[in-house]
Amino acid sequence: MADSTSKENFMREAIRLSIDKMKEGKGGPFGAVIVKDGEIIARGFNNVTSSNDPTAHAEVDAIRKACQALGTFQLAGCELYTSCEPCPMCLGAIYWARPDKVYFGNTKADAAAIGFDDAFIYEELELPLHSRSLHMEQLLRDEALEGFKEWEKHESRTDY
């Protein structure tokens, strides 16, 4: 993959996006790039507030664009460079996208220090459902399982 100079340049691009797009009023100070074969194939930035989309984080934005560019739902052979350690949502998306490597600049503690504190989400995930601050209740499991049963039988399904 990328040598150390290239890695630093890719990270600088993620950092540049984080600053430029924040100054443009797109959202918080977060940027990301996805690299394949030494070339940037997608750039993403936080645009939560400008798009009214709480999922529009830099990493998710970059993943969506990279998958579109490559015509696939997985990013094997790719590297993700992000200006900050991924939040729980982005980390989940990254695992689903399956890039080979992730590089980050700021830490989650750095983000918390300026008001982007995701610690409560990590803490909530450790709690049993009945103890979480967000009410969660299971309904109609038997009916919902029908979709899973159909998936198991579906001949043209694409496993992921």
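The rules behind these values
- Residues numbered from 1 in each chain as written.
- Predicted model: local features only at pLDDT ≥ 70, side-chain atom pairs only at ≥ 80, totals over all residues.
- Heavy atoms only, no water.
- Helix = DSSP H or I, 4+ residues; strand = E, 2+ residues; numbered from the N terminus.
- Buried < 20%, exposed > 50% of the residue type's maximum accessible area, 1.4 Å probe, protein only.
- Contact = heavy atoms within 4.5 Å.
- 1 Å grid on protein atoms, 1.4 Å probe; cavity = no way out; pocket = protein on both sides within 12 Å on 5 of 7 lines; lining within 4 Å.
- Points joined across faces, edges and corners; volume = space filled by probe spheres on them.
- Patch = residues over 30% accessible without salt bridge, like charges linked within 9 Å, V, L, I, M, F, W, Y side chains within 5 Å.
- Areas by Shrake-Rupley, 256 points an atom, 1.4 Å probe, with all protein chains shown as cover.
- Salt bridge = Lys/Arg side-chain N within 4 Å of Asp/Glu carboxyl O.
- Phe/Tyr/Trp six-rings, centres within 6.5 Å; stacked < 30°, edge-to-face > 60°.
- Lys NZ or Arg CZ within 6 Å of the ring centre and 35° of its normal.

Details of unusual backbone geometry
- One non-glycine residue, asparagine 52, lies in the positive phi region at around 55 degrees.
- Looking at the element boundaries, asparagine 52 is found in the loop between helix H2 (48-51) and helix H3 (58-70).
- For arginine 98, which is not glycine, the phi dihedral falls at a positive 60 degrees.
- Mapping arginine 98 onto the fold places it in the loop between helix H4 (88-97) and strand E4 (101-106).
- Here arginine 98 falls in the partly exposed class, since its relative accessible area comes to 36%.

Structural notes on H4
- The complete set of buried residues in H4 reads Pro88, Cys90, Ile94 and Ala97.
- Among the structural elements, H3, strand E3 (78-84), E4 and helix H6 (119-126) are those in contact with the buried residues of H4.
- In the stretch just after H4, arginine 98 is the one whose phi turns positive, near 60 degrees.

Considering the layout of surface pockets
- By volume, the largest pocket is sized at about 370 Å³.
- Along its surface, the largest pocket is lined by 22 residues, and Phe30, His57, Cys87, Phe116 and Asp118 are the ones closest to its centre.
- Broken down by element, the lining of the largest pocket gets its largest block of residues, three residues, from H4.
- Of the volumes computed, that of the second largest pocket is approximately 170 Å³.
- The wall of the second largest pocket is formed by Glu85, Pro86, Leu91, Ile94, Tyr95, Arg98, Pro99, Val102, Phe104 and Tyr122.
- Of all the secondary structure elements, the ones that give two or more residues to the lining of the second largest pocket are H4 and E4.
- When residues in the lining of the second largest pocket are grouped by element, the largest group, three residues, is from H4.

Things to note about a nonpolar patch on the surface
- A cluster of nonpolar residues, Phe73, Trp96, Trp151 and Tyr160, forms a patch on the protein surface that exposes about 520 Å² of accessible area.
- With respect to the helices, strands and loops of the structure, phenylalanine 73 is situated in the loop between H3 and E3.
- Classification of phenylalanine 73 by relative accessible area gives partly exposed; the value is 42%.

Observations regarding the packing of aromatic side chains
- Counted under the stated rule, the structure contains five aromatic pairs.
- Judged by centre distance (5.8 Å) and plane angle (70 degrees), the rings of phenylalanine 73 and tyrosine 160 are edge-to-face. With a gap of 87 residues between them, phenylalanine 73 in the loop between H3 and E3 and tyrosine 160 in the segment after helix H7 (141-153) connect regions that are remote in the sequence.
- When its relative accessible area of 59% is taken as the criterion, tyrosine 160 is described as exposed.
- Three or more aromatic residues joined by ring pairs form one cluster here, namely Phe10, Tyr81 and Tyr103.
- The ring of phenylalanine 45 has lysine 21 sitting right over it, with the charged end atom 5.0 Å from the ring centre.
- The aromatic ring of tyrosine 122 is capped on one face by lysine 108, whose charged end is 4.4 Å from the ring centroid.

A look at the pattern of salt bridges
- One pass over the structure, following the stated rule, counts eight salt bridges.
- We note a salt bridge from aspartate 20 to arginine 16, for which the minimum N-O separation is 2.7 Å. Taken together, the residues aspartate 20 and arginine 16, both in helix H1 (residues 4-23) and four residues apart, mark about one turn of the helix.
- The class for aspartate 20 is partly exposed, based on a relative accessible area of 30%.
- The shortest N-O distance in the salt bridge between glutamate 146 and lysine 149 comes to 3.6 Å. One end of the pair is glutamate 146 and the other is lysine 149, both in helix H7 and three residues apart, which spans about a single turn.
- According to the relative accessible area criterion, glutamate 146 is partly exposed, its value standing at 41%.
- Through salt bridges with shared partners, a single ionic network connects Glu13, Arg16, Asp20 and Arg43.

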